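These are the residues of each chain, in order.
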Amino acid sequence: MNGRLIVFFISLIFSSVVYAFKIDTISVYSTCMDRNLNVLVVSPEKAKLSECPVLFLLHGYGGNEETWLKINPKIPEMSDRDGIIVVCPNGEKSWYWDSPINPDSQFETYIIKELLPYIDSNYNTIKKRNARAITGLSMGGHGALWLSLRHKDLFGAAGSTSGGVDIRPFPDNWDMKQQIGNKNENPSRWDKYTVINQLDSINNADLSIIFDCGTDDFFFDVNNNLHSELLKRNIDHDYIVRPGSHNNNYWCNSIEYQWLYFCKFFKGYRFIR
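(A) Broad picture of the pairing of strand 1 (residues 22-30). Strand direction decides the pairing type here: strand 1 and strand 2 (residues 35-43), joined by nine bridges, are antiparallel. Bridge assignment links serine 27 to a residue of strand 2, and that residue is asparagine 38. The hairpin turn running from strand 1 into strand 2, its antiparallel successor, is four residues long, and aspartate 34 in that turn takes a positive phi close to 55 degrees.

This is how it looks when you write it as structure tokens:
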């Protein structure tokens, strides 16, 4: 056999990677809503032998537990490569709030008090905040920051991609008024339920934060405003602006940047002083 062919053959053997991740679609009962909700969980091979960090990935409006793997099918391979358990809950159209007017939409309580303990009880997780992160797209970007800012004792790092981080400019969009009422009738509630007004709950170094938005996205201005507000408060964070719009192509790319950030966080590197 030609020597160069032998070298090429050997390189193919050593460059091939065998992944042994497991994907579960489970049904988790919610006591607070008295119903079952689907959750997709990706477990790396490493989780069979040792505890692993956890990344919660939240979908956007109109999505479900399968959304993220459809956007980026490489997520299971990334999970296996880096030893990270990925949890994708179905948040319906909830904006991940506990709705004050809809008892069937209590998703903050569900994720924090029901789903998170379920994952820790049934999967081989590292049960510490510095091994737990959360991010999401659009509505899920709002949800990830909403939950992490309000529960910094549970999450050490958080992100958002194309997130609706200030809901107030969009009072008639995406069923938000079905969750918290009409803005003109409840302006103080809309102030309370928006991410940008939750920043009083953290100080610098409380939470590692990364968020991004495309320059052609309708949420671009509110993300810039969040960046400015964090700077005013001297809260360290990563903010990434790239060309792009509010679509799957953008999110497929952006999640890989955020994934690197969370990998380094889990390994003990701090992005905050």
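(B) Representation of the nonpolar core. If you look at the biggest cluster of nonpolar residues, it comprises 56 residues, and the most contacted ones within it are Tyr110 and Leu115. Considering every element that reaches this core, the biggest residue donor is helix 4 (residues 107-122), with seven residues. With residues up to four places along the chain from it excluded, the contact list for tyrosine 110 reads Val28, Ser30, Cys32, Met33, Leu37, Val39 and Leu115. The next biggest cluster of nonpolar side chains, apart from the first, holds 25 residues, and it includes Trp68, Met78, Ile210 and Trp251.

(C) Just the state of the cysteines, in detail. Scanning all chains against the criterion turns up zero disulfides. For the unlinked cysteine cysteine 52, the closest cysteine sulfur is that of cysteine 263, found at 12 Å. Using a relative accessible area of 0% as the deciding quantity, one classes cysteine 52 as buried.

(D) Quick peek at the packing of aromatic side chains. Per the stated rule, a full pass over the model turns up 14 aromatic pairs. Each ring, one from tryptophan 95 and one from tryptophan 174, has its centre 6.2 Å from the other, and the planes form 40 degrees; the classification is tilted. Placement of the pair is tryptophan 95 in the loop between strand 4 (85-89) and helix 4 and tryptophan 174 in the loop between strand 6 (157-161) and helix 6 (176-180), with a sequence separation of 79 residues. With relative accessibility at 1%, the residue tryptophan 95 sits in the buried group. Their ring planes at 80 degrees and their centres at 5.7 Å tell us that tryptophan 97 and tyrosine 193 sit as a pair that is edge-to-face.

(E) Focus on the pairing of strand 6. The element strand 6 is largely enclosed, with a buried count of five among its five residues. Every second residue of strand 6 is oriented toward a common face, with Ala157, Gly159 and Thr161 on one face and Ala158 and Ser160 on the other, all of them buried. Note that strand 5 (residues 132-136) and strand 6 share two bridges and pair parallel. Bridge pairing links isoleucine 134 to alanine 158 in strand 6. Considered for its hand, the β-α-β crossover made up of strand 5, helix 5 (residues 139-150) and strand 6 is right-handed.

(F) The arrangement of the packing of helix 4 against helix 5 in detail. Between helix 4 and helix 5, the shortest axis-to-axis distance is 11 Å and the interhelical angle comes to 60 degrees. Comparing the axis directions of helix 4 and helix 5 gives the class oblique. Taken as a pair, helix 4 and helix 5 cross one another with a handedness that is right-handed. Facing Glu108, Ile111 and Ile112 of helix 4, the residues of helix 5 in contact are Trp146, Leu147 and Arg150. Class assignment of the residues belonging to the contact of helix 4 with helix 5 gives a composition of four nonpolar, no polar and two charged.

(G) Just the side chain of serine 30, in detail. Within the fold, serine 30 resides in strand 1. Using a relative accessible area of 0% as the deciding quantity, one classes serine 30 as buried. Polar side-chain contacts of serine 30 include one of 2.7 Å to the side chain of glutamate 114. Setting aside chain neighbours within four positions, we find serine 30 in contact with Arg35, Leu37, Tyr110 and Glu114.

(H) Representation of the sheet that holds strand 5. Pairing is mixed in the open sheet, where eight strands are placed in the order 1-2-4-3-5-6-7-8. The open sheet has two edge strands, strand 1 and strand 8 (238-242), and neither has a second partner. Across the sheet, the mean angle separating the axes of adjacent strands is 20 degrees when strand polarity is ignored. Alignment of strand 2 against strand 4, held across four bridges, turns out to be antiparallel. Note on strand 4: the bridge partner recorded for valine 42 is valine 86. Sheet strands touched by helix 3 (residues 75-82): strand 1, strand 2, strand 3 (54-58) and strand 4. Its angle to strand 2, the strand with the most contacts, is close to 60 degrees. Strands in contact with helix 9 (residues 248-266) are strand 3, strand 4, strand 5, strand 6, strand 7 (208-214) and strand 8; relative to strand 7, the strand with the most contacts, it is inclined by about 165 degrees.

(I) A look at helix 4. Remark: the principal bend of helix 4, roughly 35 degrees, maps to leucine 115, with a proline, proline 117, within the next four residues. Those residues of helix 4 that fall on the buried side of the exposure criterion are Phe107, Glu108, Tyr110, Ile111, Ile112, Glu114, Leu115, Leu116, Ile119 and Asp120. Where helix 4 is buried, its residues contact strand 1, strand 2, strand 3, strand 4, strand 5 and helix 5.

What counts as what
- Counting restarts for each chain, with residues numbered from 1 along the sequence as it is written.
- Local features in a predicted model are, by the rule used here, given only for residues with pLDDT of at least 70; side-chain atom pairs are given and counted only at 80 or more, and totals for whole chains, interfaces and linings are based on all residues.
- Only hydrogens and water are removed before side-chain values are computed, so all heavy atoms of the structure are retained for them.
- The criterion for strand pairing is that DSSP finds at least two bridges linking the strands in question.
- Helix and strand definitions here come from DSSP, where helices need a minimum of 4 consecutive H or I residues and strands a minimum of 2 consecutive E residues; each element is numbered from the N-terminal end.
- Definition of nonpolar core: a set of buried residues of the types Ala, Val, Leu, Ile, Met, Phe, Trp, Tyr and Cys, connected through side-chain atoms within 4.5 Å.
- Buried, partly exposed and exposed residues are distinguished by accessible area as a fraction of the type maximum, computed with a 1.4 Å probe on protein chains only: under 20%, between the cut-offs, and over 50%, respectively.
- Throughout, a contact is declared for two residues whenever any of their heavy atoms are within 4.5 Å.
- Here, a disulfide means two cysteine sulfur atoms that sit within 2.5 Å of each other.
- Pairing of aromatic rings covers Phe, Tyr and Trp, the last through its six-membered ring, and needs centres within 6.5 Å; plane angles under 30 degrees mean stacked, over 60 mean edge-to-face, and all others mean tilted.
- Looking down the strands as they point away from you, a crossover is right-handed if its path from the first strand over the helix to the second goes clockwise.
- For helices, the fitted line uses only the C-alpha atoms of the stretch in contact; every axis is such a line through C-alpha atoms, and the angle between N-to-C directions lies from 0 to 180 degrees.
- Note that the term roughly parallel is reserved for angles under 35 degrees, roughly antiparallel for angles over 145, roughly perpendicular for angles of 65 to 115, and oblique for everything else.
- Crossings are assigned a handedness: left-handed for a near helix turned anticlockwise from the far helix by less than a right angle, right-handed for a clockwise turn.
- Each residue is assigned to one of three groups, with Ala, Val, Leu, Ile, Met, Phe, Trp, Tyr, Cys and Pro labelled nonpolar, Asp, Glu, Lys and Arg labelled charged, and all others, Gly among them, labelled polar.
- A 3.5 Å cut-off defines polar contacts: any pair of N or O atoms within that distance qualifies, except that in protein one atom must be a possible hydrogen donor and the other a possible acceptor, and neighbouring residues in sequence count only when both atoms are side-chain atoms.
- Bend, at a single residue, is the angle you get between axes fitted to the 7 residues ending at that residue and the 7 residues starting at it.

Everything listed here is a matter of coordinates, which is why it stays silent on function.
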